[in-house]
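# Architecture and fold: a report
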Amino acid sequence: MNTPIAIIGTGLAGLSAAQALHAAGQTVQLFDKSRGSGGRLASKRSDAGSLDLGAQYFTARDRRFVEVVQQWQARGWVAEWDPQLYHYNENGLSPSPDEQVRWVGQPRMSAITRALLGALPVHFSCRITEVFRGEQHWTLLDAEGQSHGPFSSVIVATPAPQASGLLSAAPKLASAAASVIMEPVWAVALGFETALATDLEGCFVRGGPLDWVARNRSKPGRDSHLDTWVLHASNSWSRQHLDLDKEAVIERLHGAFAEMIGCPLPPPSFSLAHRWLYARPASAHEWGALADADLGLYACGDWCLSGRVEGAWLSGLEAARRLLEHRQ
Ligand code: FAD
Ligand code: NAI
């Protein structure tokens, strides 16, 4: 058996790299600090059914991603979501239909990464704190003080602020990751006993605390006895209210929702708030992936490209490509 490659992070970027390496006959070992895969492509199981609190949907523009999404659709992992779209600004609420194809994981966002992970070996609830190289091989150290290895190469597939510390063996990579600013987002989910009297299913919001509103239950395969909604605060509001307690965040975003939705809003029978500290890179990059091929250290993630689901997948693929290229 060849010496395995370590991949830190089981979001879409890490799993895209893992799949490409596995398909090329390499052995991989994945690690994630969370209890499950998905990262920001996350769904929360709750009393109101499963709720997509992170990525809401994704588009496919790159030919390679278009092809892979078609395969995912054929396997039943994703489905098209064709919401009644609106936009809301200082002039109020207006329908905003378009022709864009939008995809969601089915029956929840995290279905995609769960399917991609399949039977690949993974350690969950394992936060890697150190990545270091001996004479020939790499060793990882986790937050419990346990070491893992030896590995022939390491791919760091975490958000940039968490990647920079893990890349210290390659200072150029570490400083590129450290230069990326990632913006926070407060997400709130609400559930109503009676369906709200609106046909709105998705809304781009400009101005005020909100940035995006979605009727979670309108996505394919989501079953809930409640009319469930997900609200995302804008980056600037989230930054300004980073340490507000969850109850206050729910109250403020519920208030902004009531103001924009244009129909009576009863008190929700279900609510929760989630803070994403590193939701999106402040700007896009064209790095593809970061690599020190001689050392065998790589980094990938949405922040190396467009800051979107598609960018995460393409970046993982690029990290795998560069690693395989070096082995030839
Ligand atoms: P992540 O998904 O962040 O994966 C990184 C993984 O690394 C995580 O699982 C984490 O637990 C793990 N990790 C971190 N540090 C460590 C460590 N030290 N040790 C072990 N594991 C570690 N994109 C779209 O295209 N459309 C959208 O509508 C959209 N909406 C969004 C809304 C929100 C609120 C957020 C937060 C993001 C949204 N995005 C959207 C962006 C999209 O979710 C991301 O681009 C994509 O999921 C990033 O994937 P990734 O693999 O690069 O990173
Ligand atoms: P997209 O093409 O649907 O959206 C891109 C942007 O175009 C939207 O943000 C919106 O401003 C505008 N837009 C698109 N359709 C519109 C319509 N019908 N009416 C009015 N405005 C419209 O999808 P893309 O490019 O794949 O981006 C995905 C989504 O992910 C975007 O909404 C983006 O803002 C969001 N995102 C959110 C993050 C977060 O942390 N909240 C992180 C990364 C992406």
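Higher on the page you've got the structure.
Read on for an overview of the structure. (Residues numbered from 1 in each chain as written. Chains lettered and ligands numbered in written order. Predicted model: local features only at pLDDT ≥ 70, side-chain atom pairs only at ≥ 80, totals over all residues. Heavy atoms only, no water.)

### Description of the overall build of the chain
Helix and strand content of the chain: eight helices and 20 strands. For the C-alpha atoms alone, the extent of the chain along its principal axes is close to 65 × 40 × 35 Å. Evaluated residue by residue, the chain yields a buried proportion of 52% over its 328 residues. Residue pairs at least 24 apart in sequence account for 68% of intrachain contacts in the chain once pairs closer than 6 positions are excluded. Entry remark: accessible area of the chain is about 14,900 Å², with carbon and sulfur atoms responsible for 47%. (Helix = DSSP H or I, 4+ residues; strand = E, 2+ residues; numbered from the N terminus. Buried < 20%, exposed > 50% of the residue type's maximum accessible area, 1.4 Å probe, protein only. Contact = heavy atoms within 4.5 Å. Areas by Shrake-Rupley, 256 points an atom, 1.4 Å probe, with all protein chains shown as cover.)

### Brief notes about the sheet that holds strand S16 (residues 210–215)
Taken in spatial order, the seven strands line up as S7-S6-S15-S16-S17-S14-S18 in an open sheet, and their pairing is mixed. This sheet does not close on itself; its edge strands, each paired only once, are strand S7 (92–95) and strand S18 (270–281). Neighbouring strand axes in the sheet, compared pairwise and without regard to direction, differ in orientation by 20° on average. One ladder, built from six bridges, connects strand S14 (residues 182–192) with strand S17 (residues 227–233); its direction is antiparallel. Looking across to S17, one finds that Phe192 is bridged to Asp227. Against the sheet, helix H7 (residues 246–261) touches strand S6 (85–89), S7, S14, strand S15 (202–205), S16, S17 and S18, its axis set at about 75° to S14. (Pairing = 2+ DSSP bridges. Axes fitted to C-alpha atoms, helices over the stretch in contact; angles between N-to-C directions.)

### Digging into the packing of aromatic side chains
This structure, assessed with the given rule, holds eleven aromatic pairs. Centre to centre, the rings of Phe65 and Trp72 are 5.9 Å apart; their planes meet at 90°, and the pair counts as edge-to-face. By the burial criterion, Phe65 is buried, and Trp72 matches it. Taking the centre distance of 6.3 Å and the plane angle of 80° together, the rings of Trp287 and Trp303 count as edge-to-face. Of the two residues, Trp287 sits in the loop between S18 and strand S19 (290–292) while Trp303 sits in the loop between strand S20 (297–299) and helix H8 (309–327), which places them 16 residues apart along the sequence. What makes Trp287 partly exposed here is its relative accessible area of 31%. (Phe/Tyr/Trp six-rings, centres within 6.5 Å; stacked < 30°, edge-to-face > 60°.)

### Notes on the site of ligand 1
Close contacts around ligand 1 come from 35 residues, with Asp32, Arg40, Tyr57, Asp302 and Val309 the closest. Contact distances for ligand 1 include 2.8 Å between an oxygen atom and a side-chain N or O atom of Arg40. Residue Gln56 places a main-chain N or O atom 3.2 Å away from an oxygen atom belonging to ligand 1. Across the complex, the protein chains shield 92% of the 1,000 Å² of accessible surface that ligand 1 would expose by itself. (Near = heavy atom within 4 Å. Polar contact = N/O pair within 3.5 Å; in protein donor to acceptor, adjacent residues only side chain to side chain.)

### Description of the pairing of S7
Relative to S7, S6 runs antiparallel, the two being bridged by four bridges. Looking across to S7, one finds that Asn89 is bridged to Gly92. Counted along the chain from S6 to the antiparallel partner S7, the turn is two residues long.

### Brief notes about the packing of helix H1 (residues 12–23) against H8
Following both chains from N to C, one finds H1 and H8 inclined at 40°, their axes separated by 7 Å at the closest point. One element, H1, and the other, H8, form an angle in the oblique class. Here H1 runs over H8; the crossing is right-handed. On H8, the residues that touch Leu12, Ala13, Ser16, Ala17, Ala20 and Leu21 of H1 are Val309, Ala312, Trp313, Gly316, Leu317, Ala320, Leu323 and Leu324. For the contact of H1 with H8, the residue count by class is twelve nonpolar, two polar and no charged. (Parallel < 35°, antiparallel > 145°, perpendicular 65-115°, else oblique. Left-handed = near helix turned anticlockwise from the far one by under 90°. Nonpolar A, V, L, I, M, F, W, Y, C, P; charged D, E, K, R; others polar.)

### Structural notes on the site of ligand 2
Within the structure, ligand 2 sits among 14 residues, and Tyr57, Thr59, Arg61, Ser96 and Arg206 are positioned closest to it. Between ligand 2 and Ser96 there is a distance of 2.6 Å, counted from a nitrogen atom to a side-chain nitrogen or oxygen. A per-class count over the shell around ligand 2 returns five nonpolar, three polar and six charged.

### Re the nonpolar core
Nonpolar side chains tend to gather and get buried jointly when the protein is soluble and globular. Counting 42 residues, the largest nonpolar core has Leu12, Phe58, Trp72 and Ile155 as the members making the most contacts within it. No other element matches H8, which puts seven residues into this core. Leaving out residues up to four positions away in the same chain, Ile155 has contacts with Ile5, Ala6, Ile7, Ile8, Ala17, Leu21, Tyr298, Cys300, Ala319 and Leu323. Counting residues in hydrophobic clusters, the runner-up holds 27 residues, among them Ala6, Leu140, Leu167 and Ala299. (Core = buried A, V, L, I, M, F, W, Y, C linked by side-chain atoms within 4.5 Å.)

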